[in-house]
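Breakdown of the fold
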Amino acid sequence: MSVAPFNPSKVAHSPVEGEKSKSEAKQRIRILVVQLARLGDTLQSLMALRAAKQLYPQLEIHLVVRGRFSDAAKNCPWIHGVHVLPTDEWIPSILHAMKEKNASLEQVDFRSVIGPAAAWLAPLVDEPWHLVFNWTYSDSSSWLAALMPALARYGYIRRKDLSAGAADGWSHYIQAIVQQQSPQNIHLTDILTTQLLTALQLHVGDPEQEATSRESLSHQFFNVPRSTLEGIREEGREWRDPSRKWIAFQLGAGHAAKSWDESSWAELAVRILARHGECNLVLLGNGEADRRAAAHVLEQLRENGLEDRCVLSLVDQTDFQLWAAIIGRSQWVFSGDTSVIHLASVLGTRIINLSIGPVRHTETGPYGNGHFVLQPDITCAVCAGVEGAAVHRCREAITPDIVYATWSYGSSEWAHRRETSFEEHLRQIGSPGIDEKVRIFRSRIRLSDEGGGVTYEPVQTTKKLLFAEWSAAVTGHMARAWYCGWTPRVAVETSAGAMNPELVRDLRKVSESVEVLIKIAEEGRRTSQHIQREAARNRTRKVMRVEERARLQELALKLSEIDRLLERLVRAQPCFSPFLALQRVMMHNLSGDDIADLGRQSALVWDQIVSGARVWREWLDATTTLIRPRAVQPRKIETPSPDLNV
Amino acid sequence: MATDGTLLQGEVTDSATSPLLDGAHVERLLAGFLKALVAEQVTDLRREASPGSAEKSKTQEASTGSAHSNGISNATSEEAEALRPSLRFIRGGKEGRA
């Protein structure tokens, strides 16, 4: 492959290596982001990158994306380079060869494609990057990221021995906790943003003061001409009428399990248009299922005498620019878990997110203030992974009635200022108790002293706090303590009113085990430090005495036994599985050259487990304080003083 | 990691670890990349072809996993695997959500 060798001197005079004076900081900083996943992930990446660009205007951002999901990035004027992975050129020939020769992947000869791949890669490796971020967190992307010369790389990579690895803490967190689907409550956009800003702070320096006060405006995000909407039939004139409210329904969700059924969409459309004369509706989507759903909505509107109302069906008719223009002009978007919620988040359009199927809205839900998420509050066998289960019952919990009620509550906030409870609102619209099978959340951007990022606050006052929600908050708190270097207040979002007997029972079960966890981790740390000390005595680092070797073996066996103890504890208390997963990922990523160094790093791993377990203990203490009975001071009854003026 | 800060620095490289200095290594990385890409594509095609899977849109959805759903499967040499026993754990990780 003919690419220029990596030359660190090319970047040695850059602000990354040199002193970080103001003038130097204004030099360009080249970063490359590998994002080979879907459009939703690309949009979340763009949100993180925009935040960084705001703080570091000197950033030169390049993105590697797949062709079919490149439109969003191509429409961002602040992205310097969009490098499209030409999979359509490479992969069909390989698949054809596999089919023709009836060969498995292992038998395929990739040499014919390596040449074109190297040619595509050449401009990307011509000059070293300051920073490379692999935000795909997949197998293929780890190989690609490993090819990129950079001063520092984040995310999955391949090491010299071709094994997979990741050197940074947030990537360990994603691998061990997010991808293992353990409960945690930090949004993916916040993880990416924090990882990126921390990297910039460490390798580039603090942002300039003037940059921190600049406001980010959603209209600066995409380069979508104002005239885009004028192309939509004669109804286009309606878009300019400020008295009209546009509501967008994104009918499909990319996966059947996450999609709402067509009769529910139709019922909701009838409900909104019949009661709100100021509203217009636009139907969006792609493909056969969405076409069918749109036809059903239109048919139901006709049957209910609402055919004269302004309803646009644009299924299969939107390119990215038109899609973004419509979402940007709409007041509300109703959608399942699909990329439109990220697009609407970017464009400042409020969202009603129907969180159906295997979705974790705390990680990928709508971002910003004032969005609503409806999550089924019933056990769905398919979502729970029960063998043989085929029908998602969870979608039945989200009825058109409760979606309408949530929207009407959200859209009238300006009037009731959220002083009216959701339950009271249900009574006012004549639908009390229809929220029994659903949990409803409202998104809010936390202040930085509360931990920052997006959080989803319960809208209903009657729902109990679940142990999974509680442990997700604890895990999020641990991550901030580990990787942000500061700790928000404990249990700040847990109130005494949310306590319930089930939660108390679960917390009591865990409270003893957390002490065991701390003891195991402390023993792991001590043993690792012992290994480090023993190994450091050997000055040659190449030859050791038999008795030295025996001592080290004994300590290594002890460390293995501690590993097994942790496994046993997690079997008994599955809520501690994030600790085991993280310990294994981190141990996999030890990078020491000798036993002493490995011992030192191993001790740091155990130290992280100890600090995380202590966060659990603090949360348990703080939460159980809320439920502890308190002595109530007897009210002093004041006896009226005798009236002397008789 | 909070305790010593090294985990915030990412993988800091220098000329000695640059992938481009070793042509054979570059070729191995490229081959690994293409192989993994095809494997992901095959999985994706199977998922799209499976009954109940919704039709994918051109601009608005679809394709391979993401940061919160991908696992990573390690195609490594036996030697590397022996050096890193925890690979088995990562191999056992989920390849993606339903």
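What you see is a predicted model; the values in this text were computed from it and never measured.

1. Notes on the overall build of chain A
Helix and strand content of chain A: 25 helices and 15 strands. For chain A, the C-alpha radius of gyration of 28 Å lies close to 26 Å, the compact-globule estimate for 646 residues. For chain A, the share of sequence-separated contacts (at least 6 apart) that also reach a separation of at least 24 residues comes to 69%. Carbon and sulfur atoms form 50% of the exposed surface of chain A, whose accessible area is close to 28600 Å². One finds the centroid of the 76 positive side-chain charges in chain A at a distance of 4 Å from the centroid of its 76 negative side-chain charges.

2. What about the confidence of the model for chain B?
Residue and element names in this part refer to chain B. For chain B, per-residue confidence averages 59 on the pLDDT scale, and 40% of positions sit at 70 or higher. In this model residues 73-98 is a low-confidence stretch, pLDDT under 50, and it forms 63 contacts with partners more than four residues away in sequence or in other chains. As scored by the predictor, the complex reaches a pTM of 0.88 and an ipTM of 0.86.

3. Structural notes on the packing of helix 8 (residues 169-178) of chain A against helix 9 (residues 188-203) of chain A
Residue and element names in this part refer to chain A. Packing of helix 8 against helix 9 leaves a shortest axis separation of 10 Å and a crossing angle of 155 degrees. In terms of orientation, helix 8 and helix 9 fall into the roughly antiparallel class. Residues Trp170, Ser171, Tyr173, Ile174 and Val178 of helix 8 form the contact with helix 9, whose participating residues are Leu188, Ile191, Thr194 and Gln195. Split by residue class, the contact of helix 8 with helix 9 holds 6 nonpolar, 3 polar and no charged.

4. So, the sheet that holds strand 1 (residues 29-34) of chain A
Adjacent strands of a sheet pair through backbone hydrogen bonds, lying either parallel or antiparallel. The mixed open sheet is built from 6 strands, whose spatial order is 3(A)-2(A)-1(A)-4(A)-5(A)-1(B). Of all the strands in the sheet, the pair left with one neighbour each is strand 3 (81-85) of chain A together with strand 1 (11-12) of chain B. Inspection of the sheet shows strand 4 (residues 129-134) of chain A paired to strand 5 (residues 150-155) of chain A by 5 bridges, in the parallel sense. The residue bridging A:Leu131 from the neighbouring strand is A:Ala152, located in strand 5 of chain A. Contacting strand 1 and strand 2 (59-66) of chain A, helix 3 (residues 39-55) of chain A crosses the sheet at an angle of about 175 degrees to strand 2 of chain A. Where helix 6 (residues 111-125) of chain A meets the sheet, its contacts fall on strand 1, strand 2, strand 3 and strand 4 of chain A, and the angle it forms with strand 3 of chain A comes to roughly 160 degrees.

5. So, helix 21 (residues 467-483) of chain A
In an α-helix, one turn spans 3.6 residues, which is why side chains three or four residues apart end up on the same side. Residue and element names in this part refer to chain A. Taking 1.5 Å as the rise per residue, helix 21 with 17 residues should run 24 Å; its terminal C-alpha atoms sit 24 Å apart, in good agreement. With 15 of 17 residues buried, helix 21 lies mostly within the body of the structure. Looking one or two places after helix 21, you find Gly485, whose phi comes out positive at around 75 degrees.

6. With respect to the packing of helix 23 (residues 546-572) of chain A against helix 24 (residues 577-588) of chain A
All names here are of chain A. Two numbers describe how helix 23 lies on helix 24: the axes approach to 9 Å, and their chain directions differ by 150 degrees. In terms of orientation, helix 23 lies roughly antiparallel with respect to helix 24. Note that helix 23 runs across helix 24; the crossing there is left-handed. Facing helix 23, whose interface residues are Asp563, Leu566, Glu567 and Val570, helix 24 presents Ser577, Leu580, Gln583 and Arg584. Considering only residue class, the contact of helix 23 with helix 24 consists of 3 nonpolar, 2 polar and 3 charged.

7. Topic: the pairing of strand 4 of chain A
All names here are of chain A. By the criterion of burial, strand 4 is predominantly enclosed, with 6 of the 6 residues buried. Relative to strand 4, strand 1 runs parallel, the two being bridged by 4 bridges. In the strand pairing of strand 4, Leu32 is matched with Val132. This β-α-β element, strand 4 to helix 7 (residues 139-146) to strand 5, shows right-handed connectivity.

8. So, the packing of aromatic side chains
All names here are of chain A. Counting across every chain of the model gives 25 aromatic pairs over all chains. Centroid distance Phe222 to Phe320: 5.2 Å. Interplanar angle 75 degrees. Geometry classified as edge-to-face. Taken together, the residues Phe222 in the loop between helix 10 (209-212) and helix 11 (236-239) and Phe320 in helix 14 (residues 320-329) connect sequence positions 98 residues apart. Ring geometry for Phe249 versus Trp265: centroids 4.9 Å apart, planes at 40 degrees, classification tilted. With Phe249 in strand 8 (residues 245-250) and Trp265 in helix 12 (residues 262-275), this pair connects stretches of sequence that are 16 residues apart. In textbook terms, an aromatic cluster arises when at least three aromatic residues are bridged by ring pairs, as seen for Phe249, Trp260, Trp265, Phe334, Tyr404 and Trp407. Looking at Arg30, its charged tip hangs above the ring of Trp129, at a distance of 3.9 Å from the centre.

9. Focus: the pairing of strand 12 (residues 350-354) of chain A
Residues and elements named next belong to chain A. Among the 5 residues of strand 12, 4 are classified as buried, and the element is accordingly described as predominantly covered. Inspection of the sheet shows strand 11 (residues 332-335) paired to strand 12 by 4 bridges, in the parallel sense. Across the sheet, residue Ser335 finds its bridge partner in strand 12, namely Asn353. Traced from strand 11 through helix 15 (residues 340-347) to strand 12, the parallel crossover comes out right-handed. Judged from the 3 bridges that link them, strand 12 and strand 13 (residues 372-376) form a sheet pairing that is parallel. Each bridged residue has a counterpart across the sheet, and for Asn353 the counterpart in strand 13 is Val373.

10. Observations concerning unusual backbone geometry
Positive phi is not limited to glycine here, since A:Leu162 has a value of about 70 degrees. On the secondary structure map, A:Leu162 appears in the loop between strand 6 (157-158) and strand 7 (164-165).

11. Points about the side chain of A:His187
Residue and element names in this part refer to chain A. Assignment of secondary structure puts His187 in the loop between helix 8 and helix 9. We classify His187 as buried; its relative accessible area is 0%. In terms of polar contacts, His187 uses its side chain to reach the backbone carbonyl oxygen of Gly365, at 2.7 Å. Beyond its immediate stretch of four places on either side in the chain, His187 contacts Gln44, His361, Thr362, Glu363, Thr364, Gly365, Tyr367, Val454 and Tyr456.

12. Comments concerning the environment of A:Val270
Residues and elements named next belong to chain A. The topology assignment puts Val270 in helix 12. Taking the C-alpha atoms as reference points, Val270 and Leu46, separated by 224 residues in sequence, lie 36 Å from one another. Discounting residues that sit within four places of it in the chain, Val270 has contacts with Gln300, Leu301, Asn304 and Leu306.

The rules behind these values
Residues numbered from 1 in each chain as written. Chains lettered and ligands numbered in written order. Predicted model: local features only at pLDDT ≥ 70, side-chain atom pairs only at ≥ 80, totals over all residues. Heavy atoms only, no water. Helix = DSSP H or I, 4+ residues; strand = E, 2+ residues; numbered from the N terminus. Rg over C-alpha atoms; globule rule 2.2 N^0.38 Å. Contact = heavy atoms within 4.5 Å. Areas by Shrake-Rupley, 256 points an atom, 1.4 Å probe, with all protein chains shown as cover. Lys, Arg positive; Asp, Glu negative; His and termini not counted. Charge placed at Lys NZ, Arg CZ, Asp CG, Glu CD. pLDDT = per-residue confidence, 0-100. Axes fitted to C-alpha atoms, helices over the stretch in contact; angles between N-to-C directions. Parallel < 35°, antiparallel > 145°, perpendicular 65-115°, else oblique. Nonpolar A, V, L, I, M, F, W, Y, C, P; charged D, E, K, R; others polar. Pairing = 2+ DSSP bridges. Expected span 1.5 Å × (residues − 1). Buried < 20%, exposed > 50% of the residue type's maximum accessible area, 1.4 Å probe, protein only. Left-handed = near helix turned anticlockwise from the far one by under 90°. Right-handed = clockwise from strand over helix to strand, strands pointing away. Phe/Tyr/Trp six-rings, centres within 6.5 Å; stacked < 30°, edge-to-face > 60°. Lys NZ or Arg CZ within 6 Å of the ring centre and 35° of its normal. Polar contact = N/O pair within 3.5 Å; in protein donor to acceptor, adjacent residues only side chain to side chain.

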